[in-house]
Amino acid sequence: MSRVKILVLGPSKSGKSTIANILGDLQEGLGSTYRPTIGCRVVDFERDPPQSVSQFGKIHIELWDVSGDLKYEKCWAPIQQDVQGIMFCYDPSNPNSEEDLK
């Protein structure tokens, strides 16, 4: 089984946890309660690969939902180890969100 580690990054309140939860089948839509992520949390799940690469079997996916709060910045370097991808999130309705993403 192949393992893929993907970081979900962005500023606070940009929807990182909601996206990770929906992709991991932990929720179906938008939640009504905001609960900030403390440090980081990992959403694990498995998916079948596309037929073109089906010889590899199921893919184990780890979505690392990383807090956008700068007080956890010291955790970011170790979290980056062995990462295969990054998903950047931001809230387009927040005028500062895109700048915070940079």
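Scroll up to find the structure.
Residues numbered from 1 in each chain as written. Predicted model: local features only at pLDDT ≥ 70, side-chain atom pairs only at ≥ 80, totals over all residues. Heavy atoms only, no water.

## Examining the overall build of the protein chain
Broken down by element type, the protein chain carries three helices and four strands. Start at the N end of the protein chain and walk to the C end: the helices and strands fall as β-α-β-β-α-β-α. If you line up the protein chain on its principal axes, its C-alpha atoms span 45 × 30 × 20 Å. Burial status across the protein chain gives 28% buried among its 102 residues. Relative to all contacts within the protein chain whose residues are 6 or more apart in sequence, the contacts with residues 24 or more apart total 62%. Of the roughly 7,100 Å² of accessible surface on the protein chain, 53% is carried by carbon and sulfur atoms. (Helix = DSSP H or I, 4+ residues; strand = E, 2+ residues; numbered from the N terminus. Buried < 20%, exposed > 50% of the residue type's maximum accessible area, 1.4 Å probe, protein only. Contact = heavy atoms within 4.5 Å. Areas by Shrake-Rupley, 256 points an atom, 1.4 Å probe, with all protein chains shown as cover.)

## Thoughts on the environment of S2
Assignment of secondary structure puts S2 in strand β1 (residues 2–9). Taking the C-alpha atoms as reference points, S2 and G57, 55 residues apart in sequence, are found 7.5 Å from one another.

## Regarding the sheet that holds strand β4 (residues 85–88)
Whether parallel or antiparallel, the strands of a sheet pair through hydrogen bonds between backbone atoms. In space, the four strands of this open sheet follow the order β2-β3-β1-β4, with mixed pairing throughout. In this open sheet, the two edge strands, each paired with only one partner strand, are β2 (40–47) and β4. Geometrically, the sheet is characterised by an average inter-axis angle of 25 degrees between neighbouring strands, direction not taken into account. In this structure, β1 lies alongside strand β3 (residues 59–66), joined through seven bridges in parallel fashion. When the bridges of β3 are listed, L7 appears paired with W64. Contacts from helix α1 (residues 16–23) reach β1, β2, β3 and β4 within the one sheet, and its direction differs from that of β2 by about 25 degrees. (Pairing = 2+ DSSP bridges. Axes fitted to C-alpha atoms, helices over the stretch in contact; angles between N-to-C directions.)

## Here's the deal with the pairing of β1
Inspection of the sheet shows β1 paired to β4 by four bridges, in the parallel sense. The partner of L7 across the bridge, within β4, is I86.

## Some remarks on a nonpolar patch on the surface
On the surface, V83, I86 and F88 cluster together into a nonpolar patch covering about 270 Å² of accessible area. If you trace the backbone, V83 turns up in the loop between α2 (76–79) and β4. A residue is classified by how much of its surface remains accessible, and V83, at 30% relative accessible area, is partly exposed. (Patch = residues over 30% accessible without salt bridge, like charges linked within 9 Å, V, L, I, M, F, W, Y side chains within 5 Å. Salt bridge = Lys/Arg side-chain N within 4 Å of Asp/Glu carboxyl O.)

## Remarks on the pattern of salt bridges
As enumerated under the stated definition, the model contains four salt bridges in all. Among the ionic pairs, E62 bridges to R3, the shortest N-O distance being 3.2 Å. Here R3 lies in strand β1 and E62 lies in strand β3, a separation of 59 residues in the sequence. A salt bridge links K58 to D48, with the shortest nitrogen-to-oxygen separation between them at 2.9 Å. Placement of K58 in the loop between β2 and β3 and of D48 in the loop between β2 and β3 is noted, with a sequence separation of ten residues between them.

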